[in-house]
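Next come the chains, spelled out residue by residue.
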Amino acid sequence: MQFNAIIEPFRVKTVEPIRHTTREQRLAAIRRAGYNPFLLKAEDVLIDLLTDSGTGAMSSRQWAGMMLGDESYAGARSFYKFEAAVKKITGFKHVMPTHQGRAAERILFGSALKPGDIVPNNTHFDTTRANVEYRGAIGLDIPIPEAHQPRVYHPFKGNVDLEKLERALAENPGKIPMVMVTVTNNSGGGQPVSMANIRAVSEIAHSHGAPFFIDACRFAENSWFIKMREEGYADKSPMEIAQEMFSYADGATMSAKKDGLANIGGFLAMNDDELAMKCKNMEILGEGFPTYGGLAGYDLEAIAVGLEEALDPDYLRYRIRSIEYLGERMKEDGIPFIEPTGGHAVYIDARAMLPHIPWNEYPGWALSLALYIEGGIRSAEIGTVMFGRQPDGSEKPADMDLVRMAFPRRMYTQSHVDYLAEVLGYIREISPRIRGVRMVEEPPVLRHFTARFEPAHGEILAEA
Ligand code: F0G
């Protein structure tokens, strides 16, 4: 008998209370925060879906592992455990721990890029793009066209447009020092990349002499999608699938705050000896000696265990299914979102849901405020506030105005998901009353983190 209820494949040993607040308290809190969810105190949030990064719950095995942490400056036992775990999955020759994913990016691009270079990727995550551009290089996003069509179903919407990749490489000889693929494609809706696409990207990159790197933050979730959706992989384990994915690549950057199931950490890994030497020198400059790379020994232990646990089929089934279930509930309620649901998040299409709010009153931002004020839910705008400011100072609408609800790993239960579905259904009902915002304070870079806003028309929610 196949039962349908989604159950968490773990039981709870330690609990952390979350706090109910009244609507009045939340209105006061968001006002104090300049109508910016990033500036809220976390304790004023009931369900925090701001990010899936570093926010997950560790297992008893991870906590036990932490007690074994070897804090030696060089050559710690914990490093060798960490290195073995990364090598088992990726097969890469050189493994450098870093304090998080963006440190791996900074070291890699600092060692391999020069001004004017181009890095193709399905879609750069914002820190990845920022680190590419910091080197004077260009981040070229070339996902398949379906990536920009929220309601078109495609099993692997994270795929790279292979023709565009081929063209970029042919037209820019000597200017593309590496090709990257982000699994899953976070900025494109948490959508997976197929094994066939990864293999093809690898072949095309190599035929032009360019190494191929994977931004591997959510490699385990990507492996599960391949198992579920790609022909020939149903009987393979997530570990075997991950191993095959990495076998096509020459290196990877990783934030262990995602599929490392840890609260901090990351790594840079690669096969090339010469590049690894350069990277290790840069690592010493900024992160620390290459056997700890900005982490404590106990962090390395937690990640070594976490990387394996992230590939557990029971865990991945529960995680992906739970998010898919929320999508089903949203669909019943007529809430537009990027379909299919991604691995770590649901991305609501705020522009479609709030067509009465003009782009320059930031529909995504307004929707995330309504989610907080009505339900105590914190989410993140991925839209015109995040991407609208242009290098020349002008502003234009982002490709899409989305609201991302990202799920911390192993933290919330199915009843939390039911609560979310209920709140979202209510938000859908009152959506014609949601009003836009205007920005009253804007920092020069990465403005979404610290900008302050005011309702553009009295209140976020107009009177009924
Ligand atoms: N690459 C991808 C695809 C990411 O999603 C992130 C982080 C990074 C790199 C950088 O890793 O934070 O450890 O330095 N994403 C988080 C998020 C912050 O909320 O999506 P980091």
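Novice: Sorry if this is basic, but what is going on with the domain arrangement of the protein chain here?
Specialist: Interfaces are often sized by the accessible area lost when the parts come together. Here the domain parsing of the protein chain yields domain 1 (23–45 + 313–455) and domain 2 (60–309). Averaged C-alpha coordinates put domain 1 and domain 2 at centres separated by 27 Å. Counting residues at the interface gives 25 residues for domain 1 and 27 residues for domain 2. Together domain 1 and domain 2 conceal approximately 2300 Å² of surface at their shared face, both sides included; 58% is due to carbon and sulfur atoms. The three residues of domain 1 that bury the most area against domain 2 are L316, P340 and R409, which together make up 24% of that side's buried surface.

Novice: Quick question: what am I supposed to make of the site of the ligand here?
Specialist: By nearness alone, 18 residues border the ligand, and T51, R102, S255, K258 and R404 come closest of all. Contact distances for the ligand include 2.9 Å between an oxygen atom and a backbone N or O atom of G101. Look at the ligand: alone it shows 470 Å² of surface, and the protein chains cover 94% of it. For the shell around the ligand, the element with the highest residue contribution is helix α4 (residues 101–112), accounting for three residues. The residue makeup of the shell around the ligand, split by class, is two nonpolar, nine polar and seven charged.

Novice: Would you mind showing me how to read the state of the cysteines here?
Specialist: Simply put, the disulfide is a covalent bond whose two ends are the sulfur atoms of two cysteines. Tallying each qualifying case throughout the model produces zero disulfides. Here C217 stays free of any disulfide, with the sulfur of C279 as its closest cysteine sulfur at 17 Å. Residue classification places C279 among the buried residues on the basis of a relative accessible area of 0%.

Novice: Quick question: what am I supposed to make of the packing of aromatic side chains here?
Specialist: Pairs of aromatic rings are described using the distance from one ring centre to the other and the angle between the two planes. Summed over all chains, the structure comprises 11 aromatic pairs. A centroid spacing of 5.8 Å and a plane angle of 55° characterise the contact between F219 and F246, whose relative ring orientation is tilted. Of this pair, F219 sits in helix α8 (residues 219–229) while F246 sits in helix α9 (residues 238–247), and the two are 27 residues apart along the sequence. Like F219, the residue F246 is buried in the burial classification.

Novice: Explain the sheet that holds strand β11 (residues 380–382) here, please?
Specialist: Paired through their backbone hydrogen bonds, the strands of a sheet run either parallel or antiparallel. Across the sheet, three strands lie side by side as β9-β12-β11; this open sheet has antiparallel pairing. The outermost strands of the open sheet, each flanked by one partner alone, are β9 (345–349) and β11. Pairwise comparison of adjacent strand axes, ignoring direction, gives a mean angle of 30° for this sheet. Note: β11 against strand β12 (residues 402–406), three bridges, orientation antiparallel. If you follow E381 over to β12, its bridge partner there is V403. Packing of helix α12 (residues 313–332) onto the sheet brings it into contact with β9 and β12, and relative to β9 it is tilted by some 25°.

Novice: Explanation requested: the sheet that holds strand β6 (residues 212–215) in the structure shown.
Specialist: What the five strands build is an open sheet, ordered β2-β8-β7-β6-β5; its pairing is mixed. Every other strand in the sheet has two partners, leaving β2 (94–98) and β5 (179–182) as the edge strands with one partner each. For this sheet, the mean angle separating the axes of adjacent strands, direction not counted, is 15°. Across five bridges, β2 lies against strand β8 (residues 266–270) in antiparallel orientation. If you follow V95 over to β8, its bridge partner there is A269.

Novice: Quick question: what am I supposed to make of the environment of S379 here?
Specialist: Tracing the backbone through its elements, the reader meets S379 in the loop between β10 (377–378) and β11. Since its relative accessible area comes to 2%, S379 is described here as buried. In this structure the C-alpha to C-alpha distance between S379 and P363, which are 16 residues apart in sequence, comes to 13 Å. With residues up to four places along the chain from it excluded, the contact list for S379 reads P37, L49, L50, S368, L371, V403, R404 and M405.

Novice: Would you mind showing me how to read the packing of helix α3 (residues 77–90) against α9 here?
Specialist: The angle between the axes and the distance between the axes are what describe a pair of packed helices. One can describe the packing of α3 onto α9 by two numbers: an axis separation of 7 Å at closest approach and a directional angle of 80°. One way to sum up the angle between α3 and α9 is to call them roughly perpendicular. Listed contacts from α9 to K88, I89 and T90 of α3 are M239, A242, Q243 and F246. Classifying every residue of the contact of α3 with α9 gives four nonpolar, two polar and one charged.

Novice: Looking at this structure, I do not really get helix α6 (residues 162–171). What am I missing?
Specialist: In an α-helix, one turn spans 3.6 residues, which is why side chains three or four residues apart end up on the same side. Residues L165, A168 and L169 constitute the buried set of α6. Here the buried residues of α6 occupy an arc of 95° about the axis, which is enough to place them on one side. For α6, the exposed residues set more than 90 degrees away from the buried face come down to E163 and E171. Considering only its buried residues, α6 is in contact with β3 (118–121), β4 (138–141), β5 and α7 (195–207).

Novice: Teacher, can you tell me more about unusual backbone geometry here?
Specialist: Apart from glycine, the bulk of residues carry a negative phi angle, and the bulk of peptide bonds sit in the trans form. In this chain, V183 is followed by T184 through a cis amide linkage whose omega measures -25°. Mapped onto the elements of the fold, T184 is located in the loop between β5 and α7. A cis geometry characterises the amide bond from E339 onward to P340, with omega recorded as -10°. Of note, P340 is situated in the loop between α12 and β9.

Cut-off values and rules
Residues numbered from 1 in each chain as written. Predicted model: local features only at pLDDT ≥ 70, side-chain atom pairs only at ≥ 80, totals over all residues. Heavy atoms only, no water. Domains from an automatic or database assignment. Contact = heavy atoms within 4.5 Å. Buried area = accessible area lost by both parts, 1.4 Å probe. Near = heavy atom within 4 Å. Polar contact = N/O pair within 3.5 Å; in protein donor to acceptor, adjacent residues only side chain to side chain. Areas by Shrake-Rupley, 256 points an atom, 1.4 Å probe, with all protein chains shown as cover. Helix = DSSP H or I, 4+ residues; strand = E, 2+ residues; numbered from the N terminus. Nonpolar A, V, L, I, M, F, W, Y, C, P; charged D, E, K, R; others polar. Disulfide = S-S within 2.5 Å. Buried < 20%, exposed > 50% of the residue type's maximum accessible area, 1.4 Å probe, protein only. Phe/Tyr/Trp six-rings, centres within 6.5 Å; stacked < 30°, edge-to-face > 60°. Pairing = 2+ DSSP bridges. Axes fitted to C-alpha atoms, helices over the stretch in contact; angles between N-to-C directions. Parallel < 35°, antiparallel > 145°, perpendicular 65-115°, else oblique. Arc of directions from axis to C-beta.

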